[in-house]
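Commentary on secondary and tertiary structure
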Amino acid sequence: MSRLAVVTGGSRGIGRAVAQLLASRGCRVVVVSRDLEAGRAAVASLDGGDHVALSCDVGQEQEVKSTFEKIRKTYGKISYLVNSAGVNRDGLLLRQSSSVMRSLLEVNLLGSMLTCKAALPGLMHTPGAALLNIGSVVGVKGRAGQSVYSASKSGLEGFTRSLAKEVASRGVRVNMLVPGFIRTDMTAGLQEWSSLPPIPLGRVGEVEEVAQAALFLLLSPYVTGQTLLVDGGISLNM
Ligand SMILES: NC(=O)c1ccc[n+]([C@@H]2O[C@H](COP(=O)([O-])OP(=O)(O)OC[C@H]3O[C@@H](n4cnc5c(N)ncnc54)[C@H](OP(=O)(O)O)[C@@H]3O)[C@@H](O)[C@H]2O)c1
């Protein structure tokens, strides 16, 4: 029987590439995003015909609860949850409004907590189950103009490690994947690639390269509570 994988932020970018790779490995994939049409378009491009798109704002507790309830009742037990839904708004702290701060924390940090909480009861009864949160090299190293985004991602790192300790005895693994600078819609507006620290591998990353590492963390049965940087080495220079 094929495994069920839920990918938040699966309609675009890194999440979409993870959804594609999981589908190509025989998983049935539920793509979660706010924009249902974009989710459906992503689902239509996946290998196999059994995938589903659902609309849900991961920062809204009731939406998350009802979405995961629907998944449980309609599609069965989740084996993998990948939290790729995320937003970014650059700005110096002195110019950042509290509403922007809240929205970054709500989606990037609270959103992943809510989806993990909603998925866990089912995951605990599924052999080989795994959670994967997507952080950022900015959360690990910090970067001027991204203090709030960075806080949301380093918070997620502590959450991931602690949750790994909480649920290891129940057979659920929890890991974190930390991309560097990857070519997606999120980085399309980045004007000054040249202002980044030098990337030892000499180029920005592609979503498929992040997806490969995500698959490794989801499938490795003896890896939990870990943070894997997929950044072309940029963290060495930050
Ligand atoms: N690209 C990079 O260089 C980079 C580097 C480090 C870390 N990351 C992290 O990697 C993850 C994916 O980034 P990306 O570059 O692939 O971004 P992206 O291309 O902008 O895609 C973001 C995805 O998240 C979904 N999303 C955003 N807010 C949501 C919400 N409230 N509820 C549900 N879904 C939501 C979007 O769909 P809707 O808009 O339809 O909701 C979309 O599917 C993010 O967590 C990001 O912080 C990216």
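Residues numbered from 1 in each chain as written. Predicted model: local features only at pLDDT ≥ 70, side-chain atom pairs only at ≥ 80, totals over all residues. Heavy atoms only, no water.

Under an unreviewed UniProt entry, the name given to the protein chain is 3-ketoacyl-[acyl-carrier-protein] reductase beta subunit, and the source organism is Muraenolepis orangiensis. Of the protein chain, the UniProt comment under Sequence similarities (unreviewed entry) reads exactly: "Belongs to the short-chain dehydrogenases/reductases (SDR) family." In its Pathway (unreviewed entry) section, the UniProt record describing the protein chain reads: "Lipid metabolism; fatty acid biosynthesis." (UniProt positions renumbered as here; feature names shortened; annotations may be inferred.)

**Quick notes on the sheet that holds strand 2 (residues 28-33)**
Strand order across the open sheet formed by seven strands is 3-2-1-4-5-6-7, with parallel pairing between neighbours. Two strands bound the open sheet, and with one partner strand each, they are strand 3 (52-55) and strand 7 (227-230). Each strand axis lies, on average, 20 degrees off the axis of its neighbour in the sheet, ignoring direction. Strand direction decides the pairing type here: strand 4 (residues 78-83) and strand 5 (residues 130-134), joined by four bridges, are parallel. Within strand 5, the position partnered with N83 by the bridge is N133. Contacts from helix 1 (residues 13-24) reach strand 1 (4-8), strand 2, strand 4 and strand 6 (173-179) within the one sheet, and its direction differs from that of strand 1 by about 170 degrees. Its contacts with the sheet place helix 4 (residues 98-123) against strand 1, strand 4 and strand 5, and it is angled at close to 170 degrees to strand 4. (Pairing = 2+ DSSP bridges. Helix = DSSP H or I, 4+ residues; strand = E, 2+ residues; numbered from the N terminus. Axes fitted to C-alpha atoms, helices over the stretch in contact; angles between N-to-C directions. Contact = heavy atoms within 4.5 Å.)

**Focus: the site of the ligand**
For the ligand, the set of nearby residues contains 29 residues, the closest of which are S11, R34, Y149, I182 and T184. Here S11 contributes a side-chain N or O atom positioned 2.7 Å from an oxygen atom of the ligand. Measuring from an oxygen atom of the ligand, one finds a side-chain N or O atom of T184 at 2.5 Å. In the complex, the protein chains occlude 96% of the 880 Å² of accessible area that the ligand would expose alone. At the level of secondary structure, the elements contributing two or more residues to the shell around the ligand comprise helix 1, helix 6 (147-167) and helix 7 (185-188). (Near = heavy atom within 4 Å. Polar contact = N/O pair within 3.5 Å; in protein donor to acceptor, adjacent residues only side chain to side chain. Areas by Shrake-Rupley, 256 points an atom, 1.4 Å probe, with all protein chains shown as cover.)

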